[in-house]
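# Coordinate analysis (summary)
If you want the building blocks of each chain, they are given just below.
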Amino acid sequence: MKLLSIIFFLLISLSFVQAADIVVNDVPVKNILLPGESAAFEIEIKNFQNFKDDFKLIVTDFSWRETKNIEVYTIAPGESTKDNLKLFTLGVLPTGKYSVNIRVYSVSNPEIFIDHSLLVEILDYKDLVKADLEFNPQGLDPRKENLVKLNLKNKHDIDLGGLNVQIKSSLFSEEFLTTLASKEEKSFDFSVLLKDVTEGDYDTKILITMDNNVLVDKVVPVKVSAYSNIQEIKKEESSFLVNELEVTRTNEGNTISKEIFSKLFSSLESKFTKTNPNPTKIEKVDGNYKYTWQFDLNPGQSYTINIKTNYRTPLIILIIVLAILVLIYNLLKTDLTINKKVLMLKSKEGNISNLKVILTLKCRGAPAKNLRLVDNVPGVLEAPTELTTLKPISV
């Protein structure tokens, strides 16, 4: 067991001595990459052996290759050399951070070598840029010009050129080209004037592309604030026994408005009043009737109430009915009148000698049939001796 420990220690010491004969340093030229790009480093190799030697550099990572053939670096003792190393991936690697292993070894004695790691980061296109819209937290005001700001931030130490920025919504749209330097932040201001827009949240899409690669594709809700503006127009017309009222309310705001309209009518007025539309409710208040309309007005919508109190038409109808009744009465009634006159005839001596009775019967209406006329003569008188016109059936 003790022998094994000694052997292991000697191997470690040998490797350390071999590594100490060669020193490798790197300066990243481009180690933050977009998918498909090549990495670039400046490599420095130092020879700490006491003799001049030739060295080679190889990539030992299976996922990476260098872009040029292997070269031999001849370095004098205690001297160093520098070279540019470019690396590319075999296939498409997932985004993330990578440690790419390279080895520098002595051509004369391959047992003398040093392994060195190069740090490379492959970025995700969708993690390159941060984009946000900035506007009034109370919402955009449809009655005036509004300022909307687009804030862009390059999240990494890499230059981004040829960025195509599009902002699209039903409220407004913008499109332009820009660039972002390493970790640069930019703001773009837009003037937005809205017209006939109702309140609410409107989806606004932000799309940023570079060489057909999507960097940002997000939807931001942009709020439009609410305001109320109700206009009312009243039209009144009066004529003989007729009063008309038209009330129109129009919502010129951008939000739904709950409206109420009330009017009092006397008991008599309510009987001769018609409305269109019908009131939502009718209440009796102190002997009067209160008509109430309740309705919602959407933005741009109008609501009209027509009220008509008409005494003339019922009066005309009443007069016509009465006239018809009188006419029917006159046509259908039987109007008989009878008049009786008694004439006294005196003698020369001044005594009453005869009585003359005249009965007059008149019909002023519809014909009368089967009439019976009776007249009584006092018993002290003699029966009539002379009948001049119509003779009675019986005496």
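Below, the structure is looked at part by part. (Residues numbered from 1 in each chain as written. Predicted model: local features only at pLDDT ≥ 70, side-chain atom pairs only at ≥ 80, totals over all residues. Heavy atoms only, no water.)

Moving on: the packing of aromatic side chains. Per the stated rule, a full pass over the model turns up eight aromatic pairs. Seen in terms of ring centroids, Y291 and W293 are 6.3 Å apart; in terms of plane orientation they differ by 45°. Their pairing is tilted. Taken individually, Y291 and W293 each receive the classification buried, so the pair is uniform in this respect. By the ring-pair criterion, three or more aromatic residues cluster together here, those being F261, F265, Y291 and W293. It is R103 that lies over the ring of F113; its NZ or CZ is 4.0 Å from the centre. Here the basic side chain of K263 rests over the ring of F265, its NZ or CZ set 5.8 Å away from the ring centre. (Phe/Tyr/Trp six-rings, centres within 6.5 Å; stacked < 30°, edge-to-face > 60°. Buried < 20%, exposed > 50% of the residue type's maximum accessible area, 1.4 Å probe, protein only. Lys NZ or Arg CZ within 6 Å of the ring centre and 35° of its normal.)

Its place among the elements puts D141 in the loop between strand 10 (129-134) and strand 11 (145-154). Polar contacts involving the side chain of D141 include one to the main-chain amide nitrogen of R143, which spans 3.0 Å. With near-sequence residues (within four places) excluded, D141 lies in contact with N146 and S225. (Helix = DSSP H or I, 4+ residues; strand = E, 2+ residues; numbered from the N terminus. Polar contact = N/O pair within 3.5 Å; in protein donor to acceptor, adjacent residues only side chain to side chain. Contact = heavy atoms within 4.5 Å.)

A word on the nonpolar core. Judged by nonpolar contacts, the single largest core of 35 residues is most densely connected at L150, I208 and L215. For this core, the secondary-structure elements that each account for two or more residues are strand 10, strand 11, strand 12 (160-168), strand 13 (173-180), strand 14 (185-193), strand 15 (200-210) and strand 16 (213-224). Among the elements that make up this core, the one with the highest residue count is strand 16 (five residues). Excluding its chain neighbours within four sequence positions, the residues that come into contact with L150 are A131, D132, L133, V165, I167, F176, K186, S187, F188, F190 and I206. With 24 residues, the next largest nonpolar core counts V24, A39, I43 and V104 among its residues. (Core = buried A, V, L, I, M, F, W, Y, C linked by side-chain atoms within 4.5 Å.)

Summarising the element assignment, T273 is placed in strand 20 (residues 273-276). Of the polar contacts made by the side chain of T273, one reaches the backbone oxygen of E269; its length is 2.5 Å. A distance of 2.9 Å separates polar atoms of two side chains, one belonging to T273 and the other to T309. Once residues lying within four places of it in the same chain are set aside, the contact partners of T273 are F265, I307, K308 and T309.

What is shown is where atoms sit, not what they do.
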